[in-house]
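So you can see what is in the structure, the chains are spelled out below.
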Amino acid sequence: PSGGAMLDWINQYSGALNVAANLAIVGIWLFYAQLLAYSYRRQRQTKVLINRHSGVDGEGRCAVVNMSPEPLFLDLVVVSLDVGGEVLRGALDDSYDDERARQSRAGAIEQGAYREMGSFAQIIAELAPDCDPCAVRSIELTAIGKYGPEDLCVGATRTFRAASERAGVFLP
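Read on for a plain summary of the structure. (Residues numbered from 1 in each chain as written. Predicted model: local features only at pLDDT ≥ 70, side-chain atom pairs only at ≥ 80, totals over all residues. Heavy atoms only, no water.)

1. Focus: the overall build of the protein
Consideration 1: A count of helical and extended segments in the protein gives three helices and 11 strands.
Consideration 2: Counting helices and strands in the order they occur from the N terminus, the protein gives α-α-β-β-β-β-β-β-β-β-α-β-β-β.
Consideration 3: For 172 residues, the compact-globule estimate of 2.2 N^0.38 gives 16 Å, and the C-alpha radius of gyration of the protein, at 28 Å, exceeds that figure by more than 25%.
Consideration 4: Viewed in the frame of its principal axes, the protein has a C-alpha envelope of about 95 × 35 × 25 Å.
Consideration 5: Out of the 172 residues in the protein, the part that is buried amounts to 31%.
Consideration 6: Across the protein, contacts joining residues at least 24 apart in sequence account for 59% of those joining residues at least 6 apart.
Consideration 7: Carbon and sulfur atoms make up 57% of the accessible area of the protein, which amounts to about 10,700 Å² in all.
Consideration 8: Within the protein, the 21 negative side-chain charges are centred at a point lying 4 Å from the centre of the 16 positive side-chain charges. (Helix = DSSP H or I, 4+ residues; strand = E, 2+ residues; numbered from the N terminus. Rg over C-alpha atoms; globule rule 2.2 N^0.38 Å. Buried < 20%, exposed > 50% of the residue type's maximum accessible area, 1.4 Å probe, protein only. Contact = heavy atoms within 4.5 Å. Areas by Shrake-Rupley, 256 points an atom, 1.4 Å probe, with all protein chains shown as cover. Lys, Arg positive; Asp, Glu negative; His and termini not counted. Charge placed at Lys NZ, Arg CZ, Asp CG, Glu CD.)

Here it is as structure tokens:
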């Protein structure tokens, strides 16, 4: 007897149950569409890293790394030096002399590749030739470029602070 009453109840409220089921399905589809859109945006997002390598002293090198899925065109690198409370700010030249050859800072960086900025000592000498590298408290680098087919302007900033125990050593 109770099975027949249940079927009668379902039959009586079938319109409302159908609307509720359809709304639940639409909600599930919207949830999955949101996950797909978030995943796509995250996948296409630019990832630019400014890092040091080959040592931690003044001869340690600085590089801009493109970890994005498409090439990045590096336009400009701005440097801020904190020298005893005074901030010196300027843009790095497009190229610099390395012990091997003339190196370019600006230009395209392919996916997973990096562009050398030179050593910390070279960067300090270029921006403030008369400055003692041991007097520098911090170096802030800002890389500015264009990304993807839309030429979106992108940038990354990283600060390296002087280690108090060793002069000329810069740590992120």
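Moving on from the model shown.
2. What to know about the nonpolar core
Consideration 1: Counting 27 residues, the largest nonpolar core has I50, V64, V79, L81, V136, I139 and L141 as its most contacted members.
Consideration 2: Residue assignment for this core shows that the elements contributing at least two residues are β1 (48-53), β2 (61-66), β3 (72-83), α3 (120-127), β9 (136-147) and β10 (152-162).
Consideration 3: Ranked by the residues each element gives to this core, the list is headed by β3, at six residues.
Consideration 4: Discounting residues that sit within four places of it in the chain, L141 has contacts with I50, C62, V77, V78, V79, I123, A156, T157, R158 and F160. (Core = buried A, V, L, I, M, F, W, Y, C linked by side-chain atoms within 4.5 Å.)

3. A few points about the environment of I124
Consideration 1: Residue placement: I124 occurs in helix α3.
Consideration 2: For I124, a relative accessible area of 1% puts it in the buried group.
Consideration 3: Note: C-alpha distance between I124 and L81 (43 residues apart in sequence) is 7.7 Å.

4. A word on α3
Consideration 1: Listed as buried for α3 are F120, I123 and I124. One side of α3 holds all its buried residues, which, seen down the axis, span an arc of 95°. (Arc of directions from axis to C-beta.)

5. So, the packing of aromatic side chains
Consideration 1: With the rule as written, the count across this model stands at three aromatic pairs.
Consideration 2: Relative to Y13, the ring of W9 has its centre 5.2 Å away and its plane inclined at 50°; by these criteria the two rings are tilted.
Consideration 3: Between the aromatic rings of F31 and Y32, the centroid separation amounts to 5.7 Å while the plane-to-plane angle is 65°, which identifies the pairing as edge-to-face. (Phe/Tyr/Trp six-rings, centres within 6.5 Å; stacked < 30°, edge-to-face > 60°.)

6. Some points on the pattern of salt bridges
When the charged atoms of two side chains lie near each other, side chains of opposite charge can form a pair.
Consideration 1: One pass over the full model with this rule turns up three salt bridges.
Consideration 2: Residue E126 is joined to R105 by a salt bridge in which the shortest nitrogen-to-oxygen separation is 2.9 Å. Of the two residues, E126 sits in helix α3 while R105 sits in the loop between β6 (102-104) and β7 (107-109), which places them 21 residues apart along the sequence.
Consideration 3: The exposure class assigned to R105 is buried, which follows from its relative accessible area of 2%. (Salt bridge = Lys/Arg side-chain N within 4 Å of Asp/Glu carboxyl O.)

7. Regarding the sheet that holds β1
Paired through their backbone hydrogen bonds, the strands of a sheet run either parallel or antiparallel.
Consideration 1: Read from one edge of the open sheet, three strands run β1-β2-β8, paired in antiparallel fashion. Strands with a single pairing partner mark the edges of an open sheet, and in this sheet they are β1 and β8 (114-119). Taking the axes of each pair of neighbouring strands and ignoring which way they run, one obtains an average angle of 20° across the sheet.
Consideration 2: Strand contacts of α3: β1, β2 and β8, with the helix running at about 70° to β8, the strand carrying the most contacts. (Pairing = 2+ DSSP bridges. Axes fitted to C-alpha atoms, helices over the stretch in contact; angles between N-to-C directions.)

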